[in-house]
Amino acid sequence: MAMRTIKNPMIQEAIIDWKEKKNKPVCAYLYDLKGLQEHVKNLSESLPHQCRLFYAVKANADIKILKALQPYVTGFEIASIGELNKVRSVSSTVPMIFGGPGKTDEELRVAITNDISFIHVESVFELQRLNWIAEQYKMVVPILLRVNLQTTVPEARLKMAGLPTQFGIDETQIPLAIQMTKEMKHVKLHGFHFHAMSNNLDEKQHVLFVKHCLEQTDKWEKEFAQCFSVVNVGGGVGIHYDHPDKRFDWESFNNQLQLILKQHAHPLWTVVFELGRYITAHHGYYATEILDIKKNYGKNFAVLRGGTHHLRLPAAWKMNHPFSIIPIEQWDYPFARFGITQDAVTIVGELCTPNDVLARDVFCPNVRVGDIVLFECAGAYGWDISHSQFLSHPYPEFIYLE
Ligand SMILES: *Cc1c(COP(=O)(O)O)cnc(C)c1O
């Protein structure tokens, strides 16, 4: 793997601007809100007419990101009261769907009294509990059953179905759950939620997955002589972290999707996508300055002002995070500047643990102390999943291009 060259000079300029204003080592997330809006607008507008695009808030719950996305999505997929409050602070009316395993009674109460469009029910016990709570409010709550399918896309990075996981209701138990909803007075079953994978990069497999979800829904419609209205196919569209110039081919996916919908979707169905990573990943960057460079036992290390406590994703996935170098010419010390030319460098953070590695043995033409490492594809599962308290270092700053 080699270091990358900077593709977007606007990002580089914004970071250098920031550096000139502040008198300390650069350590910041930068979100390109304008680019994000163009991207999500394209996604929304390109989807076939019976589809709706929701944003899965957990990928990046920054309020300014939610605000930027709100005009271009149908709504938000949330999994906690914290996420609910963030979405409601952006809009008092935007639709929300509420999911996730392990919902407390309080969460269910807050959800049903805050005008949630659908609750994704994750187990038979949760179904009974929700019906019981809704009865206390004399309400009928719209729900989808989350299905843990028996088969799913084999190449996806994280699989949540097709194998034993804590997610959803085992496909073989769905008929029992449907039967139970028929006898319940305080929930109304509208359809199914099939979110089953993460970071899938294969367009054809993703279409086949959607097809499978449609066929399953059709099967249960016939079996129970009941009309459903919503097929939620979840998220899971991926990012090529090892080749960030490559993209999941949305156009090709969409063309195939049109055909599948024509053949397999009933006219009254709405097909919901709740994408996280694919919406925000490419519009976030993490920039941090090199504080030190050293050679230990033959290996080069560049030590950053930041690290995996700000960007945990490469450590979590044991991968090299793609980056480029912003060269900084300013040098204020009265001695020679240290650097490495034409050699492999391991990029590490400031934490006191050998696990604080963001990229290993990456060939770099030239890196010096004081240059800035700019990590790309940091807009999803970046800051939000990081262990920011570890070692009590300062948080990164946040820069927004609007
Ligand atoms: C995480 C999650 C998503 C979003 O997944 P991405 O891989 O980021 O697209 C969608 N739905 C549910 C239920 C999730 O848990």
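Residues numbered from 1 in each chain as written. Predicted model: local features only at pLDDT ≥ 70, side-chain atom pairs only at ≥ 80, totals over all residues. Heavy atoms only, no water.

Check the secondary structure of the protein chain and you find 11 helices and 19 strands. Here the protein chain has a C-alpha radius of gyration of 23 Å; the compact-globule value for 402 residues is 21 Å, and the two agree. In terms of overall dimensions, the protein chain has a C-alpha envelope of 80 × 40 × 40 Å along the principal axes. Taken over 402 residues, the protein chain has a buried fraction of 56%. (Helix = DSSP H or I, 4+ residues; strand = E, 2+ residues; numbered from the N terminus. Rg over C-alpha atoms; globule rule 2.2 N^0.38 Å. Buried < 20%, exposed > 50% of the residue type's maximum accessible area, 1.4 Å probe, protein only.)

Attention now goes to the site of the ligand. Around the ligand lies a shell of 13 residues, among which Lys58, Gly236, Glu274, Arg277 and Tyr381 are the nearest. The side chain of His195 places a nitrogen or oxygen atom 3.5 Å from a nitrogen atom of the ligand. Protein contacts shield 93% of the accessible area of the ligand, which totals 390 Å² for the unbound molecule. (Near = heavy atom within 4 Å. Polar contact = N/O pair within 3.5 Å; in protein donor to acceptor, adjacent residues only side chain to side chain. Areas by Shrake-Rupley, 256 points an atom, 1.4 Å probe, with all protein chains shown as cover.)

Right, let's get into the domain arrangement of the protein chain. The domains assigned to the protein chain are domain 1 (9-31 + 282-401) and domain 2 (95-275). For domain 1 and domain 2, the distance between their C-alpha centroids amounts to 38 Å. With 8 residues of domain 1 at the contact, the number on the domain 2 side is 8 residues. For the domain 1 and domain 2 pair, buried surface summed over both sides reaches about 820 Å², with 68% attributable to carbon and sulfur atoms. The largest share of the area that domain 1 buries against domain 2 comes from His282, Trp317 and Cys377, three residues that together contribute 70% of it. In this assembly, domain 1 and domain 2 are joined by 0 salt bridges. Here domain 1 and domain 2 share 1 residue pair in polar contact (both at pLDDT 80 or more) between them. Considering only residue class, the side of domain 1 that touches domain 2 consists of 5 nonpolar, 2 polar and 1 charged. (Domains from an automatic or database assignment. Contact = heavy atoms within 4.5 Å. Buried area = accessible area lost by both parts, 1.4 Å probe. Salt bridge = Lys/Arg side-chain N within 4 Å of Asp/Glu carboxyl O. Nonpolar A, V, L, I, M, F, W, Y, C, P; charged D, E, K, R; others polar.)

We now examine the pattern of salt bridges. In the structure shown here, the tally under the stated rule is 17 salt bridges. Its salt-bridge partner being Glu402, residue Lys64 comes within 3.8 Å of it at the nearest N-O pair. In this pair, Lys64 is assigned in helix H3 (residues 63-69) and Glu402 in the segment after strand E19 (397-401), connecting sequence segments 338 residues apart. For Lys64, a relative accessible area of 37% translates into the label partly exposed.

Before going further, it helps to spend a moment on the nonpolar core. If you look at the biggest cluster of nonpolar residues, it comprises 112 residues, and the most contacted ones within it are Tyr55, Ile119, Ile143, Leu145, Phe273 and Phe323. The element contributing the most residues to this core is helix H8 (residues 203-224), with 7 residues. For this core, the two domains that each supply at least three residues are domain 1 (9-31 + 282-401) and domain 2 (95-275). In this view, Phe273 contacts Leu47, Cys51, Arg52, Leu53, Phe54, Val233, Gly234, Phe253 and Leu257; residues no more than four positions away in its chain are not counted. The next biggest cluster of nonpolar side chains, apart from the first, holds 15 residues, and it includes Leu30, Tyr285, Ile372 and Leu401. (Core = buried A, V, L, I, M, F, W, Y, C linked by side-chain atoms within 4.5 Å.)

Quick look at the packing of aromatic side chains now. Tallied over the entire structure, the rule returns 22 aromatic pairs. With a centroid separation of 6.3 Å and 85 degrees between ring planes, the pair formed by Tyr55 and Phe76 is classed as edge-to-face. With Tyr55 in strand E2 (residues 51-56) and Phe76 in strand E3 (residues 75-78), this residue pair connects regions lying 21 residues apart in the sequence. Of the two residues, Tyr55 and Phe76, neither departs from the other in class, the shared state being buried. Aromatic pair Phe192 and Trp220: ring centres 4.8 Å apart, planes at 45 degrees, arrangement tilted. Here Trp220 lies in helix H8 and Phe192 lies in strand E9 (residues 187-193), a separation of 28 residues in the sequence. Here Phe192 matches Trp220 in class, with each residue buried. Counting every residue linked through ring pairs, the aromatic cluster contains Tyr29, Tyr31, Tyr286, Phe323, Phe375, Trp383, Tyr395, Phe398 and Tyr400. Over the ring of Tyr400 we find Lys64, and its NZ or CZ is 4.6 Å from the ring centre. (Phe/Tyr/Trp six-rings, centres within 6.5 Å; stacked < 30°, edge-to-face > 60°. Lys NZ or Arg CZ within 6 Å of the ring centre and 35° of its normal.)

A separate point is the environment of His120. As for its placement among the helices and strands, His120 is situated in strand E5 (residues 118-121). For His120 and Phe192, which are 72 residues apart along the polypeptide, the C-alpha to C-alpha distance reads 8.1 Å. The residues contacting His120, other than those within four sequence positions of it, are Ile97, Phe98, Gly99, Lys103, Glu126, Leu144, His193, Asn232 and Glu274. Among the polar contacts listed, one links the side chain of His120 to the side chain of His193, at a separation of 3.3 Å.

This part is about the packing of helix H6 (residues 124-136) against helix H7 (residues 174-183). In the contact formed by H6 and H7, the axes pass within 10 Å of each other and the chain directions differ by 10 degrees. The angle between H6 and H7 falls in the class roughly parallel. Within the contact between the two elements, H6 uses Val124, Leu127 and Gln128 and H7 uses Ala177, Met180 and Thr181. Among the residues making up the contact of H6 with H7, the classes are represented as 4 nonpolar, 2 polar and no charged. (Axes fitted to C-alpha atoms, helices over the stretch in contact; angles between N-to-C directions. Parallel < 35°, antiparallel > 145°, perpendicular 65-115°, else oblique.)

Sequence positions flagged by UniProt for "active site" (unreviewed entry) are, in local numbering, Cys352. By the element assignment, Cys352 lies in the loop between strand E16 (339-348) and strand E17 (357-368). A relative accessible area of 65% places Cys352 in the exposed class. (UniProt positions renumbered as here; feature names shortened; annotations may be inferred.)

Along strand E11 (residues 230-234), 5 of the 5 residues are buried, which leaves the element largely enclosed by surrounding structure. Two elements, E9 and E11, share 3 bridges in a ladder whose sense is parallel. Bridge pairing in E11 links Phe192 to Val231. Strand direction decides the pairing type here: E11 and strand E12 (residues 270-275), joined by 4 bridges, are parallel. Within E12, the position partnered with Gly234 by the bridge is Phe273. Handedness of the E11-helix H9 (residues 250-264)-E12 crossover: right-handed. (Pairing = 2+ DSSP bridges. Right-handed = clockwise from strand over helix to strand, strands pointing away.)

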